[in-house]
2 protein chains.
Amino acid sequence: MQLLEELITIDHQADTPIYLQITNAFIHNIRLGRLRKGLKLPGSREVADLLRINRMTMVAAYDELQAQGWIEMAPRRGTFIKKDLPILSPKRIDAVQHAFTIPGKPLFPLDERKIIPVSASEFPEAGKIIFNDGFPDSRLAPVEELIRSMRSFAKLSVHKKYLMYGGAQGTGLLRETLAEFLSDTRGLPITPGNILITRGAQMGIYLAASIVLDPGDPIIVGEPGYSGANLTFIQLGARIHSVPVDEDGINIDAVEKLCRSKKIRMVYVIPHHHNPTTVTLTPERRIRLLELSVKYKFAIIEDDYDYDFHYSSKPMMPMASLDRHGTVIYIGTLTKTLAPAIRIGFMVAPESFIRQATSLRKALDTQGDSLIENAIAGLYKDGVITRHIKKSVRLYKERRDHLCRLLQEELGRHVSFRTPEGGMSVWTQFPHTDMVKLSRAAYGKGLIIRDGTEYDTPTRKYNSVRLGFASLNFKEQEQAVDIIKRLV
Amino acid sequence: MQLLEELITIDHQADTPIYLQITNAFIHNIRLGRLRKGLKLPGSREVADLLRINRMTMVAAYDELQAQGWIEMAPRRGTFIKKDLPILSPKRIDAVQHAFTIPGKPLFPLDERKIIPVSASEFPEAGKIIFNDGFPDSRLAPVEELIRSMRSFAKLSVHKKYLMYGGAQGTGLLRETLAEFLSDTRGLPITPGNILITRGAQMGIYLAASIVLDPGDPIIVGEPGYSGANLTFIQLGARIHSVPVDEDGINIDAVEKLCRSKKIRMVYVIPHHHNPTTVTLTPERRIRLLELSVKYKFAIIEDDYDYDFHYSSKPMMPMASLDRHGTVIYIGTLTKTLAPAIRIGFMVAPESFIRQATSLRKALDTQGDSLIENAIAGLYKDGVITRHIKKSVRLYKERRDHLCRLLQEELGRHVSFRTPEGGMSVWTQFPHTDMVKLSRAAYGKGLIIRDGTEYDTPTRKYNSVRLGFASLNFKEQEQAVDIIKRLV
C-alpha cells in the first residue's frame, strides 16, 4: 500500500507526538476522500514498516482513530475506514441532528428585501430594473480613480511597513481631509479629533445608540421612519417612541410632550430629505430640538446621510453646526457620494464621545481599512470627490425632474407625491393600488419595486414607497414607469 | 456692498422660502469668515435692492438671523454681525461649555497600546522597531495583486451596476471560494450558506457573543487569555469565568466544574497557538469540550485565527470539523494571512446561526466590501493566496527559529519561553525584569515592546509578553534583542 507512504508525512522534530501526527493525517485524507469509506487498511505492523516507525506508535494511532470513530477494527477481518461516516456530505454541518440549537436570541427581524436593496451578489437581478430606496448610480463612481489612489499609497514603503496596522478611529490623513471638507461644506468647525471614520452611516448609528442607550431606555424617532435605524434600536433593547412627521419634519411639540413624561435619552432625526418622506426639518424646529436636548438632557443623532445632494437651493447647515452644548452626534456617509459598496462614513462629536465610540468600534471591528481610507483622502485632495459630487448633483437633478414628470404624466391620479428638494428618491403614495400585488406582478415584468409595507404600523397603512431616481437613466425610468402603468 | 450680491444667490424656483435661503447664506458666509465678526451690515432696504427682493423678505431674514443669534440690531446704530460668536474657533465643538455630557456608559476600557499594535496612522513609530503581538509582515502582502484583481472586477459592467449593492453575508463568489478552501485545508464540509464574511475575527467574536449572550450571562475563557475578546464580552455585559491554561490548552476539568454550578452559555477557546501562550489544545481536550457542549448545551467560539501558520507539523483539524451537533461557531481571518489592514474574516456555523449573524451584521455594518471580497476570491482562484501562505510559512519558520536562538543566546537566563509550533509570536517570560520599566526604556532606544500587564489578574502577575517574530527580519530582530539585552 504505497499510497499511505505518500499521504502521511511524519516530522520527527515536531512537538506533536508521532501517533497524533498519523491520526491527523488519516483524518485529513479520509475527509478529502483520498482514503475512501469502507477501505480495508493494512495491519499496524505493515503500516509501521511502511512509515518506518515503531509498531506501538501505529497501534496507538489506530486506537485513537477508533476512539474518534474514524475506523473500526473487526476481529479477524481487519481494520476498515468506517462506512457510515456522516462527515463527507457537503451539507453535514446542517444535516446533523442538532443536540440543541445554539441558544441565540430571536432572529433580528430585518427583512433583507425591505432594508437594503435586493441583494444582488449572485446577480439574480441582472437584466431587471431596480427602483431602489435611493442609492447613487454606482456606474458613475470614480472606482478607477480610487484604485489608482490605492495603488499610489500602497507603493509608499512607510505605508507598507506601518500603515497596515491602521487605527480604529480612521487614518489621520482622512480625518484631516474630512475636517476641512465638513468645515467648508457644512460649517462644522472641527478638528480631526472630533471625527471617527466608520463604515457607512449604519455603523455610526449603531455605535452612538450603543453608547448612549441601555436596554429599556426610551428613544424618539419619527413616524414614518427609517427602518434600518429603528431595527438597530430594537436590537439594542431600546424602547421606541414615535412622533409624527409632517411636511416640516418631526413634530417637536410631540417630542416635548414625551420628554415631560419619560426620561428620554436620545432622539434620532434625519434633518435633510427625511427617510422615507424626503421632507426637511425647518430651522425653527431644529433650534427648538436643540433647546430641548439641553433642557431635557438627551443626545441627538443627526443622520445627515444625503447632505451633499440638494437640488433646489443650498442645504441648511446641520444642527451640529449650531450645537453649542455638545448634544449632537452628527452622522454622514460617503456611500451615497460614491457607491454603496465603498463603505466609508463618519461620526462627528465632542472628543470625549469620539473616544468612547472609537473604543467600542474596536470591540466590534478592530480597525478601518487604512489603505482605502487614505485613497479616499487622496481623492478629496485631488478634487475628484468634489467634481464627482457636482457632476452627480447636476445629473440627479435631471433624473429627479424626469421621474417626477413621468409619474405625473404617465401615472397621474394613481400616484401622489411632492418633488423632493434633495436626496435620491421620490416618496410616492399609490392611494388606490395594492402595493404587495403590484410589487409581485412587477417582478414578473422585469421591475423590482418594494411594497412599502415596512412603513406600516398597526394603526396606519401608508401605501407608499420611495422610488429611487438617481441610479436609473431616463430610458430605465421610462421602462420602469411603463411597467407600473400597465399594472395599476 | 457688492460683496453680498456675490455671496448670496437666490433660487426663486426653490421650495425653501427666500428669507430662509438668505438666512442660510448669511450663516454660511459668517462661518467661513467671509463676513467677519463685528461687520456693519447694510439696512434691509439696501440689501433688498441689491438682491432684487421684496424689502419685507429681507426684514424677515434679518429677524431670523437675530433670533438665531447671528446678528444684533442696535437702535440708531445699525445692524452688525455679532462679535462674540463662539463658533468660528476650530475647537468649538469641544471648547463650549457643555450643558451636560452625553449620557454615555463608562468608557469601554480598551487601552489601545495593549490591544492593538501601537497605532501608527500618523507614523510616530517610523524608524522604530515594533515587537508586535504577532502580526504578519505586511511588506510581503500581495497588495499589488489585490489591487489588480480589484481593477479587473471593477471593469465588469455587471459588477458596476449590481454588485455595488453587495450583501451582508459576503459575496457569493468569495463564500464559494472559501467553502472550497476551508474544506481542503481544514476538513470543514460546508456550503457557502454556512459562511458569513466578516471584517476580521473580531467582528465574528462580537456577532457570535451578541447573539448567544444576554447581559449577565456567564461565559468561560482561558486565563491568561486574549484581551480583545474578553473586553468584547465585558462590553456585552457577560460575566467572565476563567479557567487555567496549561501546556495542553484550557483545563477542561475546570470547564466541567463550572458547568455543574452555573448555566454556562458559551465557551471561548483558541485551539491553535492560544493567545497569549501559543499552546495547542490537545485532541483529547477538544473531544471532551465538544462532549461537554452537548451535555451542558453551550456554544463554543472556536477562534482559529492562526490556523494556516503552523511550522512543526500539520495543524490539527478544527473542532468544527468534528462537531456533529452544531455547537461550534468557527471563526477565522485573512488579516493574519495578508495584512491587518485587509479586513476580511469569516464565521462558519449552521445556516440558521449564519442567518442570525448576518442579520445582526446588517444592524451594525450594513454590508461588506463587495469589490474587495471578490478581488480576494480572485486571489484564491489564481493561487496567489496559497502561494503567499507557503512562502510566508517558510519565511516565518526561519524567523521564529532565529528569534528563539537570539533569545536563548543573547538573553539566556533573563527569559523563559517555549518554541511555538505555529503562530507569529513567542510567549516570553522575563522572570527578573520590571517589564513596565523595560518597555519605557526600550521606547527611548527605538524599540516598541509591550509591558504585558494586560495579562495580569489581581492574583497573578505573568511578567510575560508576546514577541512577534513574523514581521521582523533577522536584522531587525537582532537590533531589537540587542536593545533588550542592554536594558535587562
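Residues numbered from 1 in each chain as written. Chains lettered and ligands numbered in written order. Predicted model: local features only at pLDDT ≥ 70, side-chain atom pairs only at ≥ 80, totals over all residues. Heavy atoms only, no water.

**Concerning the packing of aromatic side chains**
Turning to step 1, where the next piece is worked out: Going through the model one piece at a time under the given rule, you end up with 15 aromatic pairs over all chains.
Turning to step 2, where the next piece is worked out: Where A:Tyr206 meets B:Tyr206, the ring centres are 6.4 Å apart and the plane angle is 80°; that geometry is what we call edge-to-face. One end of the pair, A:Tyr206, is in helix H10 (residues 200-212); the other, B:Tyr206, is in helix H10 (residues 200-212), on a second chain. Neither residue differs from the other here; A:Tyr206 and B:Tyr206 are each classed as buried. (Phe/Tyr/Trp six-rings, centres within 6.5 Å; stacked < 30°, edge-to-face > 60°. Helix = DSSP H or I, 4+ residues; strand = E, 2+ residues; numbered from the N terminus. Buried < 20%, exposed > 50% of the residue type's maximum accessible area, 1.4 Å probe, protein only.)

**Let's talk about the sheet that holds strand E8 (residues 249-250) of chain B**
Turning to step 1, where the next piece is worked out: Spatially, E5-E12-E11-E10-E9-E6-E7-E8 (chain B) is the arrangement adopted by the eight strands of the open sheet, whose pairing is mixed. On the outer flanks of this sheet lie strand E5 (195-198) and E8 of chain B, each paired with one strand and no other. (Pairing = 2+ DSSP bridges.)

**Here we look at the sheet that holds strand E3 (residues 78-81) of chain A**
All names here are of chain A.
Turning to step 1, where the next piece is worked out: Across the sheet, which stays open at both edges, the three strands sit in the order E1-E3-E2 with antiparallel pairing between neighbours. Each end of this open sheet is capped by a strand with a single partner; those strands are strand E1 (40-41) and strand E2 (71-74).
Turning to step 2, where the next piece is worked out: Where E2 meets E3, four bridges bridge the pair, whose relative direction is antiparallel. Residue Ala74 lies in a different strand from E3, and its bridge partner there is Gly78.
Turning to step 3, where the next piece is worked out: Those strands touched by helix H4 (residues 55-67) are E1, E2 and E3, and its axis lies near 110° from that of E2. (Contact = heavy atoms within 4.5 Å. Axes fitted to C-alpha atoms, helices over the stretch in contact; angles between N-to-C directions.)

**Here's the deal with the domain arrangement of chain A**
Buried accessible area, meaning the area lost when the parts come together, often serves as the stated size of an interface.
Residue and element names in this part refer to chain A.
Turning to step 1, where the next piece is worked out: Domain annotation of chain A identifies domain 1 (2-88), domain 2 (112-139 + 387-487) and domain 3 (142-385).
Turning to step 2, where the next piece is worked out: The C-alpha centroid of domain 3 is placed 25 Å from the C-alpha centroid of domain 2.
Turning to step 3, where the next piece is worked out: Across the boundary between the two partners, domain 2 contributes 28 residues, which contact 33 residues of domain 3.
Turning to step 4, where the next piece is worked out: Interface area, domain 2 with domain 3, both sides summed: about 2,700 Å², of which 58% is carbon and sulfur.
Turning to step 5, where the next piece is worked out: Three residues, His388, Ile389 and Glu421, lead the burial of domain 2 against domain 3; their summed loss comes to 23% of the area buried on that side.
Turning to step 6, where the next piece is worked out: Remark: the boundary between domain 2 and domain 3 carries one salt bridge.
Turning to step 7, where the next piece is worked out: Where Arg418 meets Glu247, a salt bridge forms, and the shortest distance between an N and an O atom there is 3.4 Å. (Domains from an automatic or database assignment. Buried area = accessible area lost by both parts, 1.4 Å probe. Salt bridge = Lys/Arg side-chain N within 4 Å of Asp/Glu carboxyl O.)

**A few points about the environment of A:Thr335**
Residues and elements named next belong to chain A.
Turning to step 1, where the next piece is worked out: Mapped onto the fold, Thr335 is located in the loop between strand E11 (328-333) and strand E12 (345-348).
Turning to step 2, where the next piece is worked out: What makes Thr335 buried here is its relative accessible area of 9%.
Turning to step 3, where the next piece is worked out: It is 8.2 Å that separates the C-alpha atoms of Thr335 and Pro136, two residues lying 199 residues apart in sequence.
Turning to step 4, where the next piece is worked out: Setting aside anything within four residues of it in sequence, one finds Thr335 in contact with Pro136, Gly200, Pro340, Ile342, Arg343 and Ile344.
Turning to step 5, where the next piece is worked out: Here Thr333 takes part through its side chain, which lies 2.7 Å from a polar atom of the side chain of Thr335. (Polar contact = N/O pair within 3.5 Å; in protein donor to acceptor, adjacent residues only side chain to side chain.)

**Brief notes about the nonpolar core**
Turning to step 1, where the next piece is worked out: Residues A:Ile376, B:Val255, B:Phe298 and B:Ile376 are the most contacted members of the largest nonpolar core, which totals 174 residues.
Turning to step 2, where the next piece is worked out: With 66 residues, the next largest nonpolar core counts A:Ala229, A:Ala299, B:Met347 and B:Ala363 among its residues. (Core = buried A, V, L, I, M, F, W, Y, C linked by side-chain atoms within 4.5 Å.)

**Quick word on the environment of B:Asp49**
Turning to step 1, where the next piece is worked out: Mapped onto the elements of the fold, B:Asp49 is located in helix H3 (residues 44-51).
Turning to step 2, where the next piece is worked out: Distance in space between the C-alpha atoms of B:Asp49 and B:Thr366 is 51 Å, their sequence separation being 317 residues.

**Description of the packing of helix H17 (residues 435-444) of chain B against helix H18 (residues 474-487) of chain B**
Two numbers describe a pair of packed helices, the interaxial angle and the distance between the axes.
Residues and elements named next belong to chain B.
Turning to step 1, where the next piece is worked out: The N-to-C vectors of H17 and H18 enclose an angle of 125°; their axes lie 10 Å apart at closest approach. The orientation of H17 with respect to H18, classified from their angle, is oblique. Crossing angle aside, the handedness with which H17 passes H18 is right-handed. For the pair formed by H17 and H18, the contact residues are Leu438, Ala441 and Ala442 on the first element and Ile483, Ile484 and Leu487 on the second.
Turning to step 2, where the next piece is worked out: Residues of the contact of H17 with H18, tallied by class, amount to six nonpolar, no polar and no charged. (Parallel < 35°, antiparallel > 145°, perpendicular 65-115°, else oblique. Left-handed = near helix turned anticlockwise from the far one by under 90°. Nonpolar A, V, L, I, M, F, W, Y, C, P; charged D, E, K, R; others polar.)

**Side note on the pairing of strand E7 (residues 239-246) of chain A**
All names here are of chain A.
Turning to step 1, where the next piece is worked out: In this sheet, E7 lies alongside strand E6 (residues 218-223) in parallel orientation, the contact comprising six bridges. Bridging from a neighbouring strand, Ile219 pairs with Ile240 of E7.
Turning to step 2, where the next piece is worked out: Crossover handedness for the path E6 to helix H11 (residues 227-235) to E7: right-handed.
Turning to step 3, where the next piece is worked out: Across two bridges, E7 lies against strand E8 (residues 249-250) in antiparallel orientation. Looking across to E8, one finds that Asp246 is bridged to Gly249.
Turning to step 4, where the next piece is worked out: Counted along the chain from E7 to the antiparallel partner E8, the turn is two residues long. (Right-handed = clockwise from strand over helix to strand, strands pointing away.)

**Let's talk about the packing of helix H7 (residues 143-154) of chain A against helix H7 (residues 143-154) of chain B**
Turning to step 1, where the next piece is worked out: Closest axis-to-axis distance for the H7(A)/H7(B) pair is 10 Å, and the angle between their directions is 175°. The angle between H7(A) and H7(B) places the two elements in the roughly antiparallel class. Along the contact surface, H7(A) presents A:Val143, A:Glu144, A:Ile147, A:Arg148, A:Met150, A:Arg151 and A:Ala154, while H7(B) presents B:Val143, B:Glu144, B:Ile147, B:Arg148, B:Met150, B:Arg151 and B:Ala154.
Turning to step 2, where the next piece is worked out: Class assignment of the residues belonging to the contact of H7(A) with H7(B) gives a composition of eight nonpolar, no polar and six charged.

**Comments concerning the environment of B:Val212**
Residues and elements named next belong to chain B.
Turning to step 1, where the next piece is worked out: Here Val212 lies in helix H10.
Turning to step 2, where the next piece is worked out: A relative accessible area of 0% places Val212 in the buried class.
Turning to step 3, where the next piece is worked out: Residues Val212 and Asp308, spaced 96 residues apart in sequence, show a C-alpha to C-alpha distance of 28 Å.

**A look at a positive patch on the surface**
Turning to step 1, where the next piece is worked out: On the surface, A:Arg36, A:Lys40, A:Arg77 and A:Lys83 cluster together into a patch of positive charge.
Turning to step 2, where the next piece is worked out: Mapped onto the elements, A:Arg77 comes out in the loop between E2 and E3. (Patch = residues over 30% accessible without salt bridge, like charges linked within 9 Å, V, L, I, M, F, W, Y side chains within 5 Å. Areas by Shrake-Rupley, 256 points an atom, 1.4 Å probe, with all protein chains shown as cover. Lys, Arg positive; Asp, Glu negative; His and termini not counted. Charge placed at Lys NZ, Arg CZ, Asp CG, Glu CD.)

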